[in-house]
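If you want the building blocks of each chain, they are given just below.
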Number of protein chains: 2
Amino acid sequence: MARIIDGTEISRVMREELAKQVAELRDSGVTPGLSVVLVGNNPASQAYVASKTRACEALGMKGQTLNLPEDVSKEELFAVIDRLNADPAVHGILVQLPLPAHLPYKAVLEHLHPDKDVDGFHPVNAGLAFVGDPRAFVPCTPAGIMEMLRRESIPTRGKHVVIVGRSLIVSKPLASLLMAPGPDATVTLTHRHTSDLASYTRQADILIVAVGKQNLITADMVKPGVVVIDVGQNRVPDESSPRGYRMVGDVDFDAIRLKAEAITPVPGGVGPMTITMLLANTLQAARQARQARDLPGSPR
Amino acid sequence: MARIIDGTEISRVMREELAKQVAELRDSGVTPGLSVVLVGNNPASQAYVASKTRACEALGMKGQTLNLPEDVSKEELFAVIDRLNADPAVHGILVQLPLPAHLPYKAVLEHLHPDKDVDGFHPVNAGLAFVGDPRAFVPCTPAGIMEMLRRESIPTRGKHVVIVGRSLIVSKPLASLLMAPGPDATVTLTHRHTSDLASYTRQADILIVAVGKQNLITADMVKPGVVVIDVGQNRVPDESSPRGYRMVGDVDFDAIRLKAEAITPVPGGVGPMTITMLLANTLQAARQARQARDLPGSPR
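Computed from a predicted model, the values in this text were never measured in an experiment.

1. What about the nonpolar core?
Then, number 1: Counting residues in hydrophobic clusters, the biggest one holds 114 residues, and the most contacted among them are L178(A), I208(A), I229(A), I163(B), L178(B), I208(B) and I229(B).
Then, number 2: If sequence neighbours within four positions are ignored, I208(A) has contacts with I145(A), V161(A), V162(A), I163(A), V164(A), L174(A), L178(A), I229(A) and V231(A).
Then, number 3: By size, the runner-up hydrophobic cluster in this structure holds 20 residues, among which are A198(B), I217(B), M221(B) and I256(B).

Next up, the structure:
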């Protein structure tokens, strides 16, 4: 029976550590600050944003939400970002996605100062992360998975890590991190065009699934002793739940649990790590603001 | 017996096409210009630089070499780059590597304007290439391999591409390009820490080797019908050659040729493609200079 990798508990420990580091930084006169820009009134986005700023406050950081109307113009949004880029009390800026269709999200993300881009979506940060530069902000979900593997003492060197999915915010940065010097994993990245997916997943010492499809990975698709990291977040109807649904991942948890060495549950696995890494990135931004980060890519 | 993928011939055809496009651009008043910055007197670097500027001139582009003394200071080098960044007649800038040890090569590469970084080594270009943005300059060797595969009609969708080596200028960008939508390959990246390398290389539909180690890949390590791209460039002593050596790749060419469907020779395979892609990137830079590329990351 697989060990359960408890993301909620790992997050709790990490947030305690972060709170101490925030307190030290505050003692030296700097309170790390995160500003979240939310456009429109999407209830799910409102909930995410509220939980992010709440998590900041709980750690002793400053969390601020700027809620702009659904029909805000690109120019108005850029002016808000310009102001946050220039504000020395704001160390991290996050634009909640998705944006309304009239706003060009790529141009918006590129308008953030890369030194404050705590989501790690600016091309400068993507490039620095790609080359393994320690100044990079690494996107929160892959950074959280790396942290989980480290804290669970799961070795990666020379291991075969198979990643299912090729998203730009989870799978591709994760592949890049895992194959780099240090983690030293052998990495295979699979996706919808992969023929005979099971022939790859069965080779995995560590299997990471980030597709968004319930039961994509069944027990016959993994080898005994595998470590499974399930990034999927899927709603399934559940009348016994007060909300009418429950969350499940991309793997058949109950069956794979009998074969695996360790597995992340959904909920309570990768999910809680993501906001924790956002807090860690904001702390890193506040620290780096004190030394010049000397980065290319200041906004014009 | 494998088909030989003739990089020299593919390059010749591409350069004819590029020459036509250069002529059209010149008719509209723009002559693409490449400036190569060479520090010191390393004979190998001098030869590379000369062949690059000569290739420019042969295509109707302007090629210029700035040869700085071995002991040039960082400040002097930055001033030269600033001048090239600002010069509208210079569309592409290339700093020949390696630099003398007293010059911080990362900071030097980040000092290039990303719009003129035709080697694709600036973090902004690495990031744009990583996310598949068409504005990116892709490093020349991986770009050349993609072009070879296309022009040889070697399908990649759903194929298993195994890459040996994890360098930042060849293997990692190539993995990123091959797994992206369009090429759609399943990609495995292996390196010195991979255990049982042959168990991976034997799975390859397309095997790409970029390590720099003669005979690293022997015939028993590939499956029949594989396509082999050999990026290795190794000198071996050869008394029958006037130079006293000859160049070989990373794979056992003579033996693998009997099993493979197609294979690149060394020399005459990947090598000639690299300078051709530098010419293509310089043309792209000249074209993009006409429309604002609207990139993040102007130098400060």
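2. Focus: the sheet that holds strand β3 (residues 62–68) of chain A
All names here are of chain A.
Then, number 1: With parallel pairing, three strands are arranged side by side in an open sheet as β3-β2-β4. Because the sheet does not close on itself, it has two edges, and the strands there are β3 and β4 (92–95). Here the average twist between neighbouring strands, direction ignored, is 15 degrees.
Then, number 2: In the sheet, strand β2 (residues 33–39) pairs with β4 via four bridges, with the strands oriented parallel. In the strand pairing of β4, S35 is matched with I93.
Then, number 3: The strands touched by helix α2 (residues 43–58) are β2, β3 and β4; relative to β3, the strand with the most contacts, the crossing angle is about 155 degrees.

3. Description of the side chain of N234(B)
Residue and element names in this part refer to chain B.
Then, number 1: Position of N234 among the secondary structure elements: in strand β9 (residues 234–237).
Then, number 2: On the basis of relative accessible area, N234 is assigned to the buried category, the value being 10%.
Then, number 3: Of note is the side chain of N234, whose polar atom sits 3.4 Å from the backbone nitrogen of K213.
Then, number 4: A distance of 2.9 Å separates the side chain of N234 from the side chain of D250, its partner in a polar contact.
Then, number 5: Contacts of N234, omitting those with residues within four sequence positions, involve G212, K213, Q214, R246, M247, V248, G249 and D250.

4. Quick word on a negative patch on the surface
Residues and elements named next belong to chain A.
Then, number 1: Together, E70, D71, E75 and E76 make up a negatively charged patch on the protein surface.
Then, number 2: With respect to the secondary-structure elements, E75 resides in helix α3 (residues 74–86).
Then, number 3: Looking at E75, the relative accessible area reads 55%, which means it is exposed.

5. Looking at a nonpolar patch on the surface
Then, number 1: A grouping of L168(A), I169(A) and V131(B) is seen on the molecular surface, where their side chains present a nonpolar patch of about 220 Å² in accessible area.
Then, number 2: Summarising the element assignment, I169(A) is placed in the loop between β5 (160–164) and α7 (171–179).

6. A few points about the relation of the copies chain B and chain A
Then, number 1: For the match of chain B to chain A, the screw axis carries a shift of 0.0 Å, the RMSD comes to 0.0 Å, and the turn is 180 degrees. As the rotation angle and translation indicate, the two copies are arranged about a two-fold axis.
Then, number 2: The overlap is high: 100% of the interface residues of chain B also sit at the interface in chain A, so the same surface is used on both sides.

Definitions and cut-offs
- Residues numbered from 1 in each chain as written.
- Chains lettered and ligands numbered in written order.
- Predicted model: local features only at pLDDT ≥ 70, side-chain atom pairs only at ≥ 80, totals over all residues.
- Heavy atoms only, no water.
- Core = buried A, V, L, I, M, F, W, Y, C linked by side-chain atoms within 4.5 Å.
- Buried < 20%, exposed > 50% of the residue type's maximum accessible area, 1.4 Å probe, protein only.
- Contact = heavy atoms within 4.5 Å.
- Pairing = 2+ DSSP bridges.
- Helix = DSSP H or I, 4+ residues; strand = E, 2+ residues; numbered from the N terminus.
- Axes fitted to C-alpha atoms, helices over the stretch in contact; angles between N-to-C directions.
- Polar contact = N/O pair within 3.5 Å; in protein donor to acceptor, adjacent residues only side chain to side chain.
- Patch = residues over 30% accessible without salt bridge, like charges linked within 9 Å, V, L, I, M, F, W, Y side chains within 5 Å.
- Areas by Shrake-Rupley, 256 points an atom, 1.4 Å probe, with all protein chains shown as cover.
- Salt bridge = Lys/Arg side-chain N within 4 Å of Asp/Glu carboxyl O.
- Lys, Arg positive; Asp, Glu negative; His and termini not counted.
- Charge placed at Lys NZ, Arg CZ, Asp CG, Glu CD.
- Least-squares fit on C-alpha atoms with pLDDT ≥ 70 in both.

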